[in-house]
Amino acid sequence: MAAANYLRSEDQFLCSICLDVFTDPVSTSCGHNFCKNCINEHWNTSDRYLCPMCKKVFNTRPELHVNTLFSEMVVQFRQSAQQKASSSSSEQQVSKPGEVPCDVCTGTKLKALKSCLVCLASYCETHLEPHLTASRLKRHQLIDPVENLEDRMCTKHDKPLELFCKTDQTCVCMLCPIFDHKTHEFVPLKEEYEGKKAELGKTEAEIQQMIQKRRLKIQEIKHSVDLSEEDADREIAEGVQVFTALKESVERGQADLINTIKEKQKTTEKQAEAFIKELEQEISELKKRRTEVEQLKGSEDHLHLLQSVQSLKTAPPTKDWTEVSVRPPYKGTVVKAVAQLEETLSKEMKKLLEDELKRVQQYAVDLTLDPDTAHPDLILSDDGKQVNDSDVRKNLPDNPERFSKCACVLGKQSFSSGRFYFEVQVKGKTHWELGVARESINRKGDITLGPQNGYWTIWLRNGNEYEALVVPSVSLSLKSRPQKVGVFVDYEEGLVSFYDVGAAALIYSFTGCCFTEKLFPYFCPGLNERGKNSGPLIISPVRVN
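Here the structure is a predicted model, which means the values were calculated and not measured.

Turning to the nonpolar core, a few remarks are in order. Among the nonpolar cores identified, the biggest contains 36 residues, and Trp432 and Phe523 are the most heavily contacted of them. The contacts of Trp432, once residues within four sequence positions are left out, are Val426, Ile458, Trp459, Leu460, Arg461, Tyr466, Val485, Cys524, Pro525 and Leu537. Within the second largest apolar cluster, 17 residues are counted, among which are Phe13, Cys18, Cys35 and Met73.

Mapped onto the elements, Ser299 comes out in the loop between helix H7 (189-297) and helix H8 (302-313). Distance from Ser299 to Gln254, taken between C-alpha atoms, is 67 Å for residues 45 residues apart in sequence. When sequence neighbours within four positions are dropped, the list of residues in contact with Ser299 reads His304 and Leu305.

As summarised here, the arrangement of the seven strands in space is S11-S12-S23-S14-S19-S20-S21, forming an open sheet in which the pairing is antiparallel. Every other strand in the sheet has two partners, leaving strand S11 (378-380) and strand S21 (505-510) as the edge strands with one partner each. Across the sheet, the mean angle from the axis of one strand to that of its neighbour is 20°, orientation sign disregarded. Two strands pair when backbone bridges link them, and strand S20 (residues 495-500) and S21 are joined in this way by five bridges, in the antiparallel orientation. Across the sheet, residue Val496 finds its bridge partner in S21, namely Phe510. Packed on one face of the sheet, helix H9 (residues 332-361) meets strand S14 (419-425), strand S19 (484-490), S20 and S21 and runs near 110° to S14.

Right, let's talk about the side chain of Glu433 for a bit. With respect to the helices and strands, Glu433 occurs in strand S15 (residues 432-438). Residue Glu433 is classed as buried on the basis of its relative accessible area, which comes to 7%. Not counting residues within four places of it along the chain, the set of residues in contact with Glu433 comprises Leu449, Ile458, Trp459, Arg461, Tyr522, Phe523, Cys524 and Leu537.

Take the packing of aromatic side chains next. Counting across every chain of the model gives 15 aromatic pairs. Relative to Trp321, the ring of Phe275 has its centre 6.0 Å away and its plane inclined at 85°; by these criteria the two rings are edge-to-face. Of this pair, Phe275 sits in helix H7 while Trp321 is found in the loop between H8 and H9, placing the two residues 46 residues apart along the sequence. On the accessibility criterion, Trp321 (18% relative accessible area) is buried. On the basis of an interplanar angle of 50° and a centroid distance of 5.8 Å, the ring pair of Phe422 and Phe523 is categorised as tilted. Pair noted here: Phe422 is in strand S14 and Phe523 is in strand S22 (residues 519-524), with a separation of 101 residues, a long-range link. Taking the relative accessible area as the measure of exposure, Phe523 reaches 1% and is therefore buried. Above the ring of Trp459, the side-chain terminus of Arg461 is found at 3.4 Å from the ring centroid.

Another aspect to go through is H9. Over its 30 residues, H9 runs 43 Å from end to end, which matches the ideal 44 Å to within 8%, given 1.5 Å per residue. Taken together, the buried positions of H9 are occupied by Gly332, Thr333, Ala337, Leu353, Leu357, Val360 and Gln361. Tucked inside the fold, the buried residues of H9 contact H7, S14, S19, S20 and S21.

What follows deals with a negative patch on the surface. A contiguous patch of negative charge on the surface is contributed by Asp226, Glu229, Glu230 and Asp233. Topologically, Asp233 is positioned in helix H7. Since its relative accessible area comes to 45%, Asp233 is described here as partly exposed.

Right, let's get into the sheet that holds strand S10 (residues 186-188). If you walk across this open sheet you meet the three strands as S9-S8-S10, and the pairing is antiparallel. The outermost strands of the open sheet, each flanked by one partner alone, are strand S9 (170-172) and S10. Averaged over neighbouring strand pairs, the angle between their axes works out to 35° when direction is ignored. Note that strand S8 (residues 163-165) and S9 share three bridges and pair antiparallel. Within S9, the residue paired with Cys165 across the bridge is Thr170. Sitting on the sheet, H7 is in contact with S8, S9 and S10, with an inclination near 85° to S10.

Moving on to the pattern of salt bridges. Taken as a whole and assessed by the stated rule, the structure comprises 17 salt bridges. Two residues, Lys166 and Glu192, come together in a salt bridge whose shortest N-O distance is 3.1 Å. In this pair, Lys166 is assigned in the loop between S8 and S9 and Glu192 in helix H7, connecting sequence segments 26 residues apart. A relative accessible area of 8% means that Glu192 is categorised as buried. Note that Arg419 and Asp490 form a salt bridge whose closest N and O atoms lie 2.9 Å from each other. Pair noted here: Arg419 is in strand S14 and Asp490 is in strand S19, with a separation of 71 residues, a long-range link. Here Arg419 falls in the partly exposed class, since its relative accessible area comes to 43%. If you follow the salt bridges from partner to partner, you end up with Lys166, Glu192 and Lys196 in one network.

Inspection of helix H2 (residues 36-44) places Cys38, Ile39 and Trp43 among the buried residues, and these make up the whole buried set. Down the axis of H2, the buried set is contained in an arc of 125°. They therefore lie on one face. What points out from H2, more than 90 degrees from its buried face, is the exposed set Asn37, Glu41 and Asn44. Against the buried residues of H2 lie strand S1 (25-27), strand S2 (33-35) and strand S3 (49-50).

About the criteria used
Residues numbered from 1 in each chain as written. Predicted model: local features only at pLDDT ≥ 70, side-chain atom pairs only at ≥ 80, totals over all residues. Heavy atoms only, no water. Core = buried A, V, L, I, M, F, W, Y, C linked by side-chain atoms within 4.5 Å. Buried < 20%, exposed > 50% of the residue type's maximum accessible area, 1.4 Å probe, protein only. Contact = heavy atoms within 4.5 Å. Helix = DSSP H or I, 4+ residues; strand = E, 2+ residues; numbered from the N terminus. Pairing = 2+ DSSP bridges. Axes fitted to C-alpha atoms, helices over the stretch in contact; angles between N-to-C directions. Phe/Tyr/Trp six-rings, centres within 6.5 Å; stacked < 30°, edge-to-face > 60°. Lys NZ or Arg CZ within 6 Å of the ring centre and 35° of its normal. Expected span 1.5 Å × (residues − 1). Patch = residues over 30% accessible without salt bridge, like charges linked within 9 Å, V, L, I, M, F, W, Y side chains within 5 Å. Areas by Shrake-Rupley, 256 points an atom, 1.4 Å probe, with all protein chains shown as cover. Salt bridge = Lys/Arg side-chain N within 4 Å of Asp/Glu carboxyl O. Lys, Arg positive; Asp, Glu negative; His and termini not counted. Charge placed at Lys NZ, Arg CZ, Asp CG, Glu CD. Arc of directions from axis to C-beta.

So, in structure tokens, the structure goes:
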């Protein structure tokens, strides 16, 4: 019964020196138990004889006695442990495809729990027991089970790979430095492992930082979508409001038109009724007269007839209806109503364009001209905001960025995403070109403006000829000459729009553009023309109207 109680405590059967189950247990005179080899080796290497447990000092080397009862209990414990191990092994999982099998199991291979880098073998729970209990095997390095442990052996010398050749960046065995890598630099695997682990830590941190940046970008994109949705809702609301007002205006115009036509029709009908009434009254009188004439005509009294004829002649004359007519209402009523509607639409369109101009002006950027791109005939102001043609060629280096034949210049700033807007004063000029150009445009020799060549521009020629430079070019009919031109670009939308800033009017838009390069603002002040076109193009600060 007492033995059964002891079996419940594994610690009772572990040597305090080797921490393993007792082997040949012996007892000291102070009553403590140790493995026979453990206590003898302990006293052999010590200058004093003392008990490792209670620290009692003995003057002479004590005699060791075998505790028969305790030895039997140890044997029973070992048998019980083996039975448990046997029972446990039956409950262990059989190795499945893709799992590392135990190298010791015969017959059915059980799933390995650990692999030993010293033994180069993998063990299930049962066969791993010696590595957990035997002192000699406890020093072996165990790792999570891995396949192909033979790959950890040097193929040339059949020795474990224990060193790292920094010269060849490969793992080698202890014999490789002697035979194959004599002049190379070596470090222990653990040292290289620590270094690579530190590098992986940095890489992990960098990857984590990249992940964080992308998460922030996702948040930014989602926020942009939310803002876009808000803008879309707001624009829809504004559009509904505008079209509702226009619809109401059209309905009012239609109602007014119908009422006006009906009123005119009523007036015509009243006039016709008056004419008819008057005519019917005259007809009644004429019938009465006709009766009198017929009676007088049938009279045989000579005197009476002659006397009555005189009274008939003095009767009032009837009205002349020859020129009297009823005309339909004037057809211009509809034209007038539509003209009024057109005027209303024009006012609403002007208001919309003013609002649109205010919106794009929010994307204003600060531009300066790039002197490295300017044609030698051009004069740039010190602040880089003005350019005009001098008719005098300066001696400048012909760098790849400079226009060699056309008197043009690009902005110093470039744009490869988003939206931007700038304004240029063109007052008093008879010739100019404005727009944007892609980075890879041809800058040498003759230039043909147009999207197909990387230019999205409009121009003025001969003081009053405005054109959009597409194929074929589009003549622009403007109500007034712009004094200041605004240029707006939406890179992702593929849109380039030009505005008459003073009139808050849209001049022209390039739509459906496909931008894949950097875009630069493009300026051409035109030739001097003996002073007729000497005024500069001026990049103006944007002031929201």
